[in-house]
Amino acid sequence: MEAYTHPLYIQDVAAVAALPLPWEKLAGRTLLLSGATGLIGSCLVDTLMRRNISNGLNCRIVALGRSGERARKRFSQYWDSPLFTFAACDINEPLSLGLKADYVLHLASNTHPLQYATDPVGTIMTNIRGLGNMLEYARGCGSGLRFAFASSNEVYGENRGDVELFDEQYCGYIDCNTLRAGYPESKRCGEALCQAYARQWGLDVVIPRFTRSFGPTLLPSDTKALSQFLRNAVAGENIVLKSEGRQYYSYTYVADAVSGLLHILLLGESGHAYNIADVSCDVTLSDLASAIAGICGTEVVFELPSAVEAAGFSKATKARLDSSRLRALGWKPLFDLHTALVHTIEALR
């Protein structure tokens, strides 16, 4: 059984698809997204296809990715549906798809530490050049389109010690003269590029800012600390902590991340960024490791990171997000941290 066919994951997707959102805005429309096979993108596809199948939404999904083979395996249950199309492409090259979309979402990005350290150029280019190609394509679709750029909590940088929670106007320190800065700085630049298209070309843009997300759609290649903890848990191994674990971060279950994205896409104000986070899921890395160890009946052990691993680690020690702006749109999380961890571990097993 694949994790995304597990009853718990299917139940969670159904809960998001049943939310009282203005789904009619997607009815009969075409939604184009990059990063379709990723953690959040694949869950979004599952949610929309669930709505198509169960509620007759009739929203056509055009999924972009580099590997047709991987996409066919992941989306086999939708492959022959007239409402699902996969297009193999490299978004770092100009797009030529021959279709008009009503919604364009740029979700593709290198999103874990090993990639930041081993493919820093690819990390930056996908967040800037890839985004530029998606924005150009959206501009070519004409008026009435809405564009969403998946940004990150990393745009806030290091907490200056003056606030406990970051609102959307907060700006902390990032040392741009480092390898690790490629990801947060390119996300910052990507947001600025979106605002430039909004001002110069009148493009309707919204910016969801995701926190450290996890769930059954986790990719095997993901090297984030939480992802490694979850793989340890699934294997019945001790949880390996590669730092003192004092980092205090916001985390989000993938189903809540997707419900936040949908609220922003369908209800968000043009030009605004929105934090997707819930304070009940804010936890230190050491406490997170202990929680997972408690679920799987193992222990937390310490191990020094390799030089490559250390190069990709975030330098932020406290990054907790204020979701007041998103909650004003009616969003609230469906899953607490313990439930989300249990569902993830059971599905991945």
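Residues numbered from 1 in each chain as written. Predicted model: local features only at pLDDT ≥ 70, side-chain atom pairs only at ≥ 80, totals over all residues. Heavy atoms only, no water.

Caption draft 1: Inspection of the overall build of the chain at higher detail. If you tally the helices and strands in the chain, you get twelve helices and 14 strands. Expected size for 349 residues packed as a compact globule is a radius of gyration near 20 Å; at 19 Å, the chain falls within 12% of this value. When the backbone C-alpha atoms are referred to their principal axes, the chain occupies close to 55 × 45 × 40 Å. Taking all 349 residues of the chain together, 56% fall into the buried category. (Helix = DSSP H or I, 4+ residues; strand = E, 2+ residues; numbered from the N terminus. Rg over C-alpha atoms; globule rule 2.2 N^0.38 Å. Buried < 20%, exposed > 50% of the residue type's maximum accessible area, 1.4 Å probe, protein only.)

Caption draft 2: Seen up close, the nonpolar core. Ranked by size, the top nonpolar core spans 78 residues in total, and within it Leu105 and Ile292 carry the most contacts. Considering every element that reaches this core, the biggest residue donor is helix α8 (residues 254-267), with nine residues. Listed in part, the 25 residues of the second largest apolar core include Leu95, Cys141, Phe147 and Tyr197. (Core = buried A, V, L, I, M, F, W, Y, C linked by side-chain atoms within 4.5 Å.)

Caption draft 3: Spotlight on the state of the cysteines. Following the criterion strictly, the structure yields zero disulfides and no others. No disulfide involves Cys171; its nearest neighbouring cysteine sulfur is the one of Cys176, lying 12 Å away. (Disulfide = S-S within 2.5 Å.)

Caption draft 4: Structural view of the pairing of strand β4 (residues 103-106). Burial along β4 is two-sided: the residues Tyr103 and Leu105 and Val104 and His106 are all buried. Summarising the sheet, strand β1 (residues 30-34) and β4 pair through four bridges and their orientation is parallel. By the bridge assignment for β4, Leu31 is matched with Tyr103. The pairing of β4 with strand β5 (residues 146-149) spans four bridges and is parallel. What sits directly across from Val104, in β5, is Phe147. (Pairing = 2+ DSSP bridges.)

Caption draft 5: Molecular detail of unusual backbone geometry. Phi angles above zero are rare outside glycine, and Asn58 is one such case at about 60°. Within the secondary structure layout, Asn58 lies in the loop between α2 (39-55) and β2 (60-65).

Caption draft 6: View of the pattern of salt bridges. In the structure shown here, the tally under the stated rule is 13 salt bridges. As a salt-bridge pair, Asp46 and Arg74 come within 2.5 Å of each other at their nearest N and O atoms. Placement of Asp46 in helix α2 and of Arg74 in helix α3 (residues 68-74) is noted, with a sequence separation of 28 residues between them. Relative accessible area serves as the criterion here: at 5%, Asp46 is assigned to the buried category. For Arg74, a relative accessible area of 8% gives the class buried. By sharing partners, the salt bridges in this structure join Glu164, Asp282, Lys318 and Arg320 into a single network. (Salt bridge = Lys/Arg side-chain N within 4 Å of Asp/Glu carboxyl O.)

Caption draft 7: Just empty space enclosed by the protein, in detail. Applying the stated criterion across every chain yields a total of one cavity of 30 Å³ or more. What the largest cavity holds in volume is close to 30 Å³. Around the largest cavity sit Tyr251, Thr252, Tyr253, Asp256, Asp278, Cys281, Trp331, Pro333 and Phe335, which together line it. Of the residues forming the lining of the largest cavity, the biggest block, three residues, is contributed by strand β10 (residues 248-253). For the lining of the largest cavity, a count of residues per class yields six nonpolar, one polar and two charged. (1 Å grid on protein atoms, 1.4 Å probe; cavity = no way out; pocket = protein on both sides within 12 Å on 5 of 7 lines; lining within 4 Å. Points joined across faces, edges and corners; volume = space filled by probe spheres on them. Nonpolar A, V, L, I, M, F, W, Y, C, P; charged D, E, K, R; others polar.)

Caption draft 8: Fine view of the layout of surface pockets. In this structure, the second largest pocket occupies an estimated 430 Å³ of space. Every residue lining the second largest pocket is counted, 17 residues in all, and those nearest its centre are Glu2, Tyr4, Leu218, Leu219 and Pro220. Broken down by secondary-structure element, the contributors of at least two residues to the lining of the second largest pocket are α3 and α7 (225-234). Looking at the lining of the second largest pocket residue by residue, the class counts come to eight nonpolar, four polar and five charged.

Caption draft 9: Layout of the packing of aromatic side chains. Across all of its chains, the model carries ten aromatic pairs by this definition. When the centroid spacing of 5.2 Å and the interplanar angle of 50° are considered together, the rings of Phe75 and Phe84 count as tilted. Of the two residues, Phe75 and Phe84, both sit in the buried class. Pairwise contacts between aromatic rings join Phe75, Tyr78, Trp79, Phe84 and Phe86 into one cluster. Positioned above the aromatic ring of Tyr4 is the side chain of Arg74, whose terminal nitrogen or guanidinium carbon lies 3.9 Å from the ring centre. (Phe/Tyr/Trp six-rings, centres within 6.5 Å; stacked < 30°, edge-to-face > 60°. Lys NZ or Arg CZ within 6 Å of the ring centre and 35° of its normal.)

Caption draft 10: Representation of the packing of α7 against helix α9 (residues 285-296) in the model. Contact geometry for α7 and α9: axes closest at 10 Å, N-to-C directions at 15°. As far as their axial angle goes, α9 and α7 are roughly parallel. Considering how the two elements wind past one another, α7 and α9 form a crossing that is right-handed. Residues Ala225, Leu226, Phe229, Leu230 and Ala233 of α7 lie in contact with α9, whose contacting residues are Leu285, Leu288, Ala289, Ile292 and Cys296. For the contact of α7 with α9, the residue count by class is ten nonpolar, no polar and no charged. (Axes fitted to C-alpha atoms, helices over the stretch in contact; angles between N-to-C directions. Parallel < 35°, antiparallel > 145°, perpendicular 65-115°, else oblique. Left-handed = near helix turned anticlockwise from the far one by under 90°. Contact = heavy atoms within 4.5 Å.)

Caption draft 11: Summary view of the side chain of Thr37. Examined against the element boundaries, Thr37 turns out to sit in the loop between β1 and α2. At a separation of 2.8 Å, a polar atom in the side chain of Thr37 contacts the side chain of Arg70. Setting aside anything within four residues of it in sequence, one finds Thr37 in contact with Ser42, Arg70, Ala71, Phe75 and Leu219. (Polar contact = N/O pair within 3.5 Å; in protein donor to acceptor, adjacent residues only side chain to side chain.)

Interpretation in functional terms is not warranted from these geometric data alone.
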